[in-house]
Structures are given as structure tokens and as C-alpha cells.
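# Structural characterization, general
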There are 2 protein chains.
Amino acid sequence: MPTRARERAAYDHETVHAILDAGYVCHLGFVRDGAPVVLPTLYGRVGDRLYLHGSTGARPLRMAGGAPDPGLPVCVTVTHVDGLVLARSAFHHSINYRSVVVHGTAHQVTDHAEKTAALDALVDQVVPGRAADSRPGNTKELAATAVIRLDLREVSAKIRTGGPHDEPEDLALPHWSGVLPVAPVYGAPIPSDDLAPGTALPAYLSALSPVAES
Amino acid sequence: MPTRARERAAYDHETVHAILDAGYVCHLGFVRDGAPVVLPTLYGRVGDRLYLHGSTGARPLRMAGGAPDPGLPVCVTVTHVDGLVLARSAFHHSINYRSVVVHGTAHQVTDHAEKTAALDALVDQVVPGRAADSRPGNTKELAATAVIRLDLREVSAKIRTGGPHDEPEDLALPHWSGVLPVAPVYGAPIPSDDLAPGTALPAYLSALSPVAES
């Protein structure tokens, strides 16, 4: 987003963690053959570590592996859009948002216990409580899944809140100005075709969806 | 996202354009001192070009400029999350999504007419119809705004739709499975404190917001 005076940068881990915990899709950046690559991927946070997920064939995960593992320089960015900021002037239009940028070197997770915990965290990041209510990965599935770890050391958050800031001479213009809030909203759950009749919607899902029938 | 068989890759411009047109925030990746950087930023599409926006002090925009302008190798990614895919097994959990990845070299826009049109496109990308209902940028504002252009030449889209795909032996497990749809929803518009009383909410805004009072 264009940098304006009303944006606030933060580096405290509490703010960073709160923004990360509010999402589950990040944009993973890395360099391939000298050129930037940005891919959406799922993440989970465990303490001061971020875990990212992919198939073992995926390029960034292969690049992060090897023995010894040299690591892969990455930038991971998480962004939440909270509102459209409509000013009277085109120039002062903006977006209310919260974002976190993490720089660092990602490493493949090879330890079995750490990998299992990371995959649980990835599932629970998307739907809190879901990992305990699903069949855990077996040996073959764990082997087919690559997980990379990134320490939350070099982090920064940016937050913009509030209304537009028009020039004084624009205040009399006839254009509506203000904020249009926006947030992700869950719809009614769609059961699988092959779901056993009578399988109840779990509370952690009906809690997410305002239109869920339990 | 982890690559699974049910994901579909597309390269036709119609699919790519539709995914781009459904959003307004991209993640811009570039390389700085050999390391990847990923930043959220606003974009607008005009035909087969993407325009990105920022203050003239912003690093990627400075790097794209100069005379002669060598351009800045970038990767621009736009992602929409459409649903949470809950399988009986942790391994088959996924996300329904649409994403576009654009690779290319970004250049600063210096032509006045192109820059003005690009800024209109940026505003209209966020709220269609808004550019015509706001005060256009003046010379000073245009000078303070940097716009970079990226041709939509090297593009690819990825789309995942549908329900979870559990292993046959997992179908009898007692876990609920299916899809929880998710989409951004606009809330009630919040007028600026200094909005002139009686300023009507324009139709292009009430059309976006299901709870808008006009």
C-alpha cells in the first residue's frame, strides 16, 4: 500500500502474532534463478516459528532441503484487508489493513515430532480445533508432505485504521467519503456427498459460520 | 497451496483477467540485495497491463525508475480464498482458491495520460465507478505518486474447487467433512465525521454493501 502518515509500523511480537493468528494464507517469496517468485501457501504459527506447507515436489521446499540444509532466503507476507477508504480526492483513497512481513531463512523440518506438531498447527490455523477432529497423517502421508520452518525474528507489522484524510479545500466537494468495512464471512457449510447421514456439524465449525444449521 | 490433482492450472487471458478483476490487493515480489521482498499493494488492470501504485519514495518504485529505466524484475500474485476444504484426514485438508501469478519486468509510468488513466483504473479496481465520483489528482499529487506498469504476458492461474477427496478407507470415520465457503463481505458504510449532512451514499457503494442504508 502507498505509505501515508496514518499508517503505523509495529515490531512487537504481540502485534505480529495477532495479525498472523487472524489468517492462514500467506504469500511466500523466494528467488529462483535470480528472479522473484511469490506463491500463496498455508501456514501455521507455533510460538516464535512459522511453518509452511507443500508437497515435497514443490520447488521452494526442495530448495530449502538437502544435507547440509543451506536454507532458503524467504519473505513471508500476511495481509488482511479491513476496509476501503474513500476520500473526496482520488489521491487520498486508501485501504485499511493489517499486514506482517517476515524475512529470514527457511529450513526443511525433518524431525518427526516437530513435523507432526507443525502439520497439526497448519490444520488448526485454518479451523481451530480441527486437527484433533481428523485422522492424523500416517507415515506415507508425512513423507509426502514437506514442511519448512521460519523463525519469527526479523518481523514487522503495518496497520492502517480510520477514515480518509482529505485536503481542507476538498471538504466541500459533493463526493461521499468514509470507510466501507470488509471482512471474510463464512457461508453455510456444504457437506461432502459421501458424508454419513446424521454426522453432526462440529461446534468449532458452526461457531465460524453465521448461517450454519447445526 | 500444496499441489493436488484437483487443482487446475490455466493460462488463458480470460481466466487470468477474471481473477485479477475480482480483487484489488496483490502481493508484489522483487529482489533487494539478493533477498526476496513481498509487499501488499493496490493494482489496477487496463487491458493486458497491470498498474501498481505507491509513493515515489517506495523502494521498488525507485528501482524501476531511472533513465534509461532498466526495469525491475517482479512477481505479482493475486489470491482469492473461496472455501475451507475439510477432509476426514488431516492430510487431505485444503483450500478452495483462485490465484494468478504474473512474472515480468515492471517499468515506471512517466507519460502523463497513461499515469492518469492508470490511477483511475486503480481507484475503480477497488470500487468500480469511484474514479468518476472523486476529485482527480492535480499536478502535485501526480508527481508524488509513482505508478509501475507490468505487461500481462507471463501469466498463470490456479484454481481449486469442490469438496475434499478422502481415501476410501477413511469414509467411515466419524469426522464431518465438506466445504466451508468464505468470501469477503462489506459492512455498513461509515461516513466521515466531516461529511456534509445530506450527502447521499452513491449507488455503486450501496450495491457493494448488503447492509447499506441509502
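Residues numbered from 1 in each chain as written. Chains lettered and ligands numbered in written order. Predicted model: local features only at pLDDT ≥ 70, side-chain atom pairs only at ≥ 80, totals over all residues. Heavy atoms only, no water.

Going by the annotation in an unreviewed UniProt entry, the name recorded for chain A is Pyridoxamine 5'-phosphate oxidase family protein, with Streptomyces piniterrae given as the source organism.

## Some details on the overall build of chain A
Condition: Each helix corresponds to a stretch of at least 4 residues labelled H or I by DSSP, and each strand to a stretch of at least 2 residues labelled E; elements are numbered beginning at the N terminus. Throughout, a contact is declared for two residues whenever any of their heavy atoms are within 4.5 Å. Surface accessibility in these figures is a Shrake-Rupley result with a 1.4 Å probe; residues are shielded only by whichever protein chains are displayed.
Looking only at helices and strands, one finds 5 helices and 10 strands in chain A. Sequence-distant contacts, at least 24 apart, represent 73% of the contacts inside chain A between residues at least 6 apart. Accessible surface, chain A: about 9200 Å² in total, of which carbon and sulfur atoms supply 56%.

## Observations concerning the interface of chain A and chain B
Definition in use: Reported buried area values correspond to the accessible surface (1.4 Å probe) lost by two parts on association, with both partners' losses combined. Counted as salt bridges are all cases of a side-chain nitrogen of Lys or Arg within 4 Å of a carboxyl oxygen of Asp or Glu. Each residue is assigned to one of three groups, with Ala, Val, Leu, Ile, Met, Phe, Trp, Tyr, Cys and Pro labelled nonpolar, Asp, Glu, Lys and Arg labelled charged, and all others, Gly among them, labelled polar. When DSSP finds at least two bridges between two strands, those strands are taken to pair.
Tallying the contact residues gives 84 residues for chain A and 83 residues for chain B. Carbon and sulfur atoms supply 66% of the area buried between chain A and chain B, which totals about 6800 Å² over both sides. Of the charged contacts in the structure, one is a salt bridge between Asp194 of chain B and Arg88 of chain A, with a shortest N-O distance of 3.3 Å. Ranked by the residues each element gives to the side of chain A that touches chain B, the list is headed by strand E9 (residues 178-186) of chain A, at 9 residues. Classifying every residue of the side of chain A that touches chain B by side-chain character gives 52 nonpolar, 23 polar and 9 charged. Two strands pair when backbone bridges link them, and strand E10 (residues 190-191) of chain A and strand E9 (residues 178-186) of chain B are joined in this way by 2 bridges, in the antiparallel orientation. Of the residues in E9 of chain B, the one forming a bridge with Ile190 of chain A is Val179 of chain B.

## Let's talk about helix H3 (residues 112-126) of chain B
Count 3.6 residues to each turn of an α-helix, and residues three or four apart come out pointing the same way. Worth spelling out the cut-off: Take the number of residues in a helix, subtract one, and multiply by 1.5 Å to get its expected span. Pairing of N or O atoms within 3.5 Å defines a polar contact, subject to two protein rules: one partner must be a possible hydrogen donor and the other a possible acceptor, and residues neighboring in sequence count only if both atoms are side-chain atoms.
Counted at 1.5 Å a residue, the expected span for H3 of chain B with its 15 residues is 21 Å, and the 22 Å between its end C-alpha atoms agrees. Sitting at the head of H3 of chain B, Asp111 of chain B places a side-chain oxygen 3.3 Å from the backbone nitrogen of Ala113 of chain B.

## Notes on the relation of the copies chain A and chain B
Note the following rule: In superposing the copies, a least-squares fit is computed on C-alpha atoms, taking residues whose pLDDT is at least 70 in both.
After a rotation of 180° and a shift along the axis of 0.0 Å, chain A superposes on chain B with an RMSD of 0.0 Å. Taken together, the rotation angle and the small translation identify this as a two-fold axis. Proximity to the rotation axis, assessed at the C-alpha, singles out Pro184 of chain A in chain A; its C-alpha lies 2.0 Å from the axis. In this assembly the copies share their binding face: 99% of the residues contributing to the interface of chain A also contribute to that of chain B.

## As for the pattern of salt bridges
Convention followed: Type-normalised accessible area, obtained with a 1.4 Å probe on protein chains alone, sets the label of each residue: buried when under 20%, exposed when over 50%, and partly exposed for intermediate values.
Summed over the entire model, instances satisfying the criterion amount to 22 salt bridges over all chains. The partner of Asp170 of chain B in a salt bridge is Arg135 of chain A, with the nearest N and O atoms 2.6 Å apart. Placement of Asp170 of chain B in the loop between strand E8 (154-160) and E9 and of Arg135 of chain A in the loop between helix H3 (112-126) and helix H4 (139-144) is noted, with the two residues assigned to different chains. Pair check on accessibility: Asp170 of chain B and Arg135 of chain A agree, each one buried. Residue Asp151 of chain B pairs with Arg49 of chain B through a salt bridge whose shortest N-O separation is 3.2 Å. In this pair, Asp151 of chain B is assigned in strand E7 (residues 145-151) and Arg49 of chain B in strand E4 (residues 49-55), connecting sequence segments 102 residues apart. With a relative accessible area of 25%, Asp151 of chain B lands in the partly exposed category. Exposure remark for Arg49 of chain B: the relative accessible area of 32% places this residue in the partly exposed category. Residues joined in a network through salt bridges with shared partners are Arg49, Glu114, Arg149, Asp151 and Arg153 of chain A.

## Description of the environment of Ala90 of chain B
Along the chain, the position of Ala90 of chain B falls in the loop between strand E5 (72-86) and strand E6 (94-108). Taking C-alpha positions, Ala90 of chain B is 9.7 Å from Asp166 of chain B, a pair spaced 76 residues apart along the chain. Ala90 of chain B has contacts with Val123, Ser134 and Arg135 of chain A, leaving out every residue within four places of it along the chain.

## Re unusual backbone geometry
You will see that Asp33 of chain A, though not glycine, has its phi angle at about 50°, which is positive. Assignment of secondary structure puts Asp33 of chain A in the loop between strand E2 (25-32) and strand E3 (35-46).

## Digging into the pairing of E6 of chain B
All names here are of chain B. In terms of strand pairing, E5 meets E6 through 13 bridges, oriented antiparallel. By the bridge assignment, Val78 is partnered in E6 with Val100. Note that E6 and E8 share 7 bridges and pair antiparallel. Following the sheet pairing, Val101 is matched in E8 by Ser156.

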